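# Structure at a glance
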Amino acid sequence: MELEYNNKSSCADVLLNAAQYNQFDKITMDSCLIFGENFSALSSLLKTHKGKIDLIYIDPPFNTNQVFGVTENRKNAISRSKKSLTAYSDEMSRTEYLEFIRKRLILLKELLSEEGSIYLHIDTKVGHYIKIIMDEVFGEENFKNDITRVKSNPKNFSRTAYGNEKDVIYFYAKNYKKNIWNEVRIPIEKKDIEKRFPKIDKNGRRYTTIPLHAPGETNGVTGQPWRNMNPPAGRHWRTNPEEFDRLDSLGLIEWSVNGNPRIIKYADENAGKKIQDIWYFKDPQNPLYPTEKNLDMLKLIVNQSSNVGSIVLDCFCGSGTTLVAAEESGRKWIGIDSSEIAVNTVKGRKELKEYRFYKCLDHAE
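Residues numbered from 1 in each chain as written. Predicted model: local features only at pLDDT ≥ 70, side-chain atom pairs only at ≥ 80, totals over all residues. Heavy atoms only, no water.

The residue N182 is located in the loop between β8 (166-173) and β9 (185-186) in this model. According to the relative accessible area criterion, N182 is partly exposed, its value standing at 35%. Contacts of N182, omitting those with residues within four sequence positions, involve N303, Q304, S306, N307 and R331. At 2.8 Å, the side chain of N182 and the backbone oxygen of N303 are in polar contact. At 2.8 Å, the side chain of N182 forms a polar contact with the backbone oxygen of S306. (Helix = DSSP H or I, 4+ residues; strand = E, 2+ residues; numbered from the N terminus. Buried < 20%, exposed > 50% of the residue type's maximum accessible area, 1.4 Å probe, protein only. Contact = heavy atoms within 4.5 Å. Polar contact = N/O pair within 3.5 Å; in protein donor to acceptor, adjacent residues only side chain to side chain.)

Now the structure itself:
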C-alpha cells in the first residue's frame with residue numbers, strides 16, 4: 001500500500017540524490033553531534049554508517065504550521081512571542097511535509113542494521129498518513145507496534161471536541177524476526193506483589209501457583225498422560241511432562257489434598273510485568289527546548305531495542321534527550337539538528353561526556 005500525492009519522488013531518485021552529498025571529510029564511529037540539515041547529513045553518513053545503526057528514534061515536526069521559539073532571557077521557556085528566538089519552524093504544506101518525512105525515512109532504512117529498529121514519534125492529526133508511508137518504506141510485515149503515549153494531564157478546553165492527552169509512536173523493525181529485543185520489564189509494585197502472590201511458604205517467601213496445563217489440544221508429547229493423568233479436555237500440558245518430574249523433585253509443584261498439582265511461582269523470582277502499548281510518560285514542565293521528551297521513556301526505548309555499544313541515531317535531536325538516554329545506557333549516539341538553539345542546548349547538557357562535533361558544509365560560517 002502506498003500514499004499518492006503530487007511531486008512524490010521515487011525511492012531510487014531519493015538515493016541517487018543522496019549519493020551526491022559528502023558533508024564530512026572524516027567521521028568516526030564515536031558518539032557525535034552534527035549541526036546541519038538532516039537530509040544532507042544522513043546522506044553523507046551513508047558512506048560510513050550504512051547498515052550500522054541499531055536504533056533510530058525520531059520526534060520530527062508534527063506539521064502544525066507553527067513557529068516554535070524560546071525567550072532570549074530564559075532559554076528553557078517555550079514562547080510564541082514575536083520577540084522570541086526561533087527554535088524551529090514547522091510550516092509546510094501537507095504534501096511537502098509528507099515528502100520531507102518520507103525522504104528521510106528512506107535514508108534511515110539504509111542506515112539501520114539488519115537487527116535495527118526505528119521508533120517514530122508523532123501526533124494523531126498526521127500520524128495515519130505517516131503510518132502508511134512507514135508501511136511503504138519499511139514494509140507492512142515489519143510493523144511491530146502502535147504505541148499510545150499519554151503525554152499530559154486531561155484537557156478542559158472549550159472547543160467542541162474531546163480533550164487530547166496522547167500522541168503516538170510507530171515502532172518498526174528492519175527485519176521483523178531479527179530486531180534486538182531485550183525484554184525490559186516493569187518491576188511489580190509491593191501492593192501488586194501481595195495481590196498476585198498471596199501464599200507464603202515456611203521460609204517466608206511469597207508465592208502463587210498456576211495450572212500445569214494451558215488452552216488447546218495437541219497430539220504431541222504435551223498431550224500425553226503424565227503420572228496416569230491426562231490434561232483436561234481442550235487443554236495440553238504447558239511443557240514436556242518430563243519437566244514436571246524435575247520441578248516436583250525440586251519442591252516446585254504443590255499438590256492439593258485432592259491430588260491436584262500446580263506449579264509454584266515465587267514473587268522474588270518474577271521478572272516483572274511485560275510492557276504494554278499504552279505508556280504514561282509526561283514531558284518536562286520546564287523543557288530545555290520546545291520539543292523535549294521524557295527521559296525515562298527514551299531510556300526504555302534505548303534499553304529495549306539496542307545493546308551496550310550499539311549506535312543510536314536521532315536526526316531531529318532537539319534537546320538531546322535521546323542522546324542522554326543512549327549515553328547513560330552505555331550506547332554510542334549520533335544527534336543531528338539544523339537549529340543552532342537545539343545544538344547549543346545539546347552542547348550544554350552535562351550528561352553528555354566525550355563526543356565529536358561536526359558541522360555540515362552547508363552550515364559553515
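Another point: empty space enclosed by the protein. Taken as a whole, this structure holds one cavity of 30 Å³ or more when the rule is applied. Lining the largest cavity are 14 residues; nearest its centre among them are D59, T291, D314, C317 and S319. When grouped by side-chain class, the residues that make up the lining of the largest cavity number four nonpolar, six polar and four charged. (1 Å grid on protein atoms, 1.4 Å probe; cavity = no way out; pocket = protein on both sides within 12 Å on 5 of 7 lines; lining within 4 Å. Points joined across faces, edges and corners; volume = space filled by probe spheres on them. Nonpolar A, V, L, I, M, F, W, Y, C, P; charged D, E, K, R; others polar.)

Positionally, D314 belongs in strand β18 (residues 311-314). Buried and unpaired, D314 has K293 as its nearest opposite-charge partner, separated by 9.3 Å. Engagement of the side chain of D314 in a polar contact is seen with the backbone nitrogen of F316, the distance being 3.0 Å. Excluding residues that lie within four positions of it along the chain, D314 makes contacts with Y57, I58, T322, L323, I334, G335 and I336. (Lys, Arg positive; Asp, Glu negative; His and termini not counted. Salt bridge = Lys/Arg side-chain N within 4 Å of Asp/Glu carboxyl O.)

In this section: the packing of helix α7 (residues 295-305) against helix α8 (residues 321-328). Where α7 contacts α8, the two axes come as close as 9 Å, and the packing angle between them is 55°. Between α7 and α8, the interaxial angle falls into the category oblique. For the element pair α7 and α8, the recorded crossing hand is right-handed. Across from L295, L298, K299 and V302 in α7, the residues of α8 making contact are T321, T322, V324, A325, A326 and E328. Of the residues belonging to the contact of α7 with α8, the class tally is six nonpolar, two polar and two charged. (Axes fitted to C-alpha atoms, helices over the stretch in contact; angles between N-to-C directions. Parallel < 35°, antiparallel > 145°, perpendicular 65-115°, else oblique. Left-handed = near helix turned anticlockwise from the far one by under 90°.)

Turning next to the sheet that holds strand β7 (residues 143-150). Spatial ordering of the open sheet is given by β17-β7-β8-β6-β2-β18-β19-β1-β20, a layout of nine strands whose pairing is mixed. Where the open sheet ends on each side, the last strands, each with one partner, are β17 (278-280) and β20 (356-359). Here the strands of the sheet are splayed against their neighbours by 20° on average, with no regard to which way each runs. Of the strand pairs in this sheet, β7 and β8 are connected by seven bridges, and their pairing is antiparallel. Across the sheet, residue I147 finds its bridge partner in β8, namely I169. Strands β6 (112-122), β7 and β8 of the sheet are contacted by helix α4 (residues 127-138), whose axis makes an angle of about 5° with β8. The strands that α7 touches are β2 (53-58), β6, β7, β8 and β17; relative to β2, the one it contacts most, it runs at about 155°. (Pairing = 2+ DSSP bridges.)

Regular strands place side chains that alternate from one sheet face to the opposite one. Going residue by residue along strand β1 (residues 32-35), you find C32 and I34 tucked away on one face and L33 and F35 tucked away on the opposite face as well. Direction of pairing for β1 relative to strand β19 (residues 332-337): parallel, over a ladder of four bridges. Residue I34 lies in a different strand from β19, and its bridge partner there is I336.

Taken as a whole and judged by the stated rule, the model has 23 salt bridges. Among the ionic pairs, D192 bridges to K273, the shortest N-O distance being 4.0 Å. One end of the pair, D192, is in helix α5 (residues 190-196); the other, K273, is in strand β16 (residues 273-274), with 81 residues separating them in the sequence. A salt bridge links R227 to D245, with the shortest nitrogen-to-oxygen separation between them at 3.1 Å. One end of the pair, R227, is in the loop between β12 (213-215) and β13 (235-237); the other, D245, is in helix α6 (residues 241-249), and 18 residues separate them in sequence. On the basis of relative accessibility, which here comes to 42%, the residue R227 falls in the partly exposed class. Residue classification places D245 among the partly exposed positions, given a relative accessible area of 34%. Linked by salt bridges that have partners in common, E2, K8, E99, R102 and E136 make up one network.

The next point concerns the packing of aromatic side chains. Per the stated rule, a full pass over the model turns up 14 aromatic pairs. Residues W226 and W255 carry aromatic rings whose centres are separated by 6.0 Å and whose planes lie at 25° to one another, so their mutual orientation is stacked. Taken together, the positions of W226 in the loop between β12 and β13 and W255 in strand β14 (residues 253-255) put the pair 29 residues apart, joining distant regions of the chain. By relative accessible area, W255 is classed as partly exposed at 34%. On the numbers, 5.7 Å between centres and 80° between planes, the contact of W237 with F244 is edge-to-face. One aromatic cluster is present, formed by W226, W237, F244 and W255 through successive ring pairs. (Phe/Tyr/Trp six-rings, centres within 6.5 Å; stacked < 30°, edge-to-face > 60°.)

We now examine the nonpolar core. Of all hydrophobic cores here, the largest spans 47 residues; its most connected members are I34, L105, L108 and I130. Here this core takes nine residues from helix α3 (residues 94-111), the largest share from any one element. When near neighbours in sequence (up to four residues on either side) are disregarded, L105 contacts I58, I118, L120, I133, M134, V137 and F138. Membership of the second largest hydrophobic core comes to 26 residues, among which are L55, I275, C317 and V343. (Core = buried A, V, L, I, M, F, W, Y, C linked by side-chain atoms within 4.5 Å.)

Shape is all these values report; function is a separate question.
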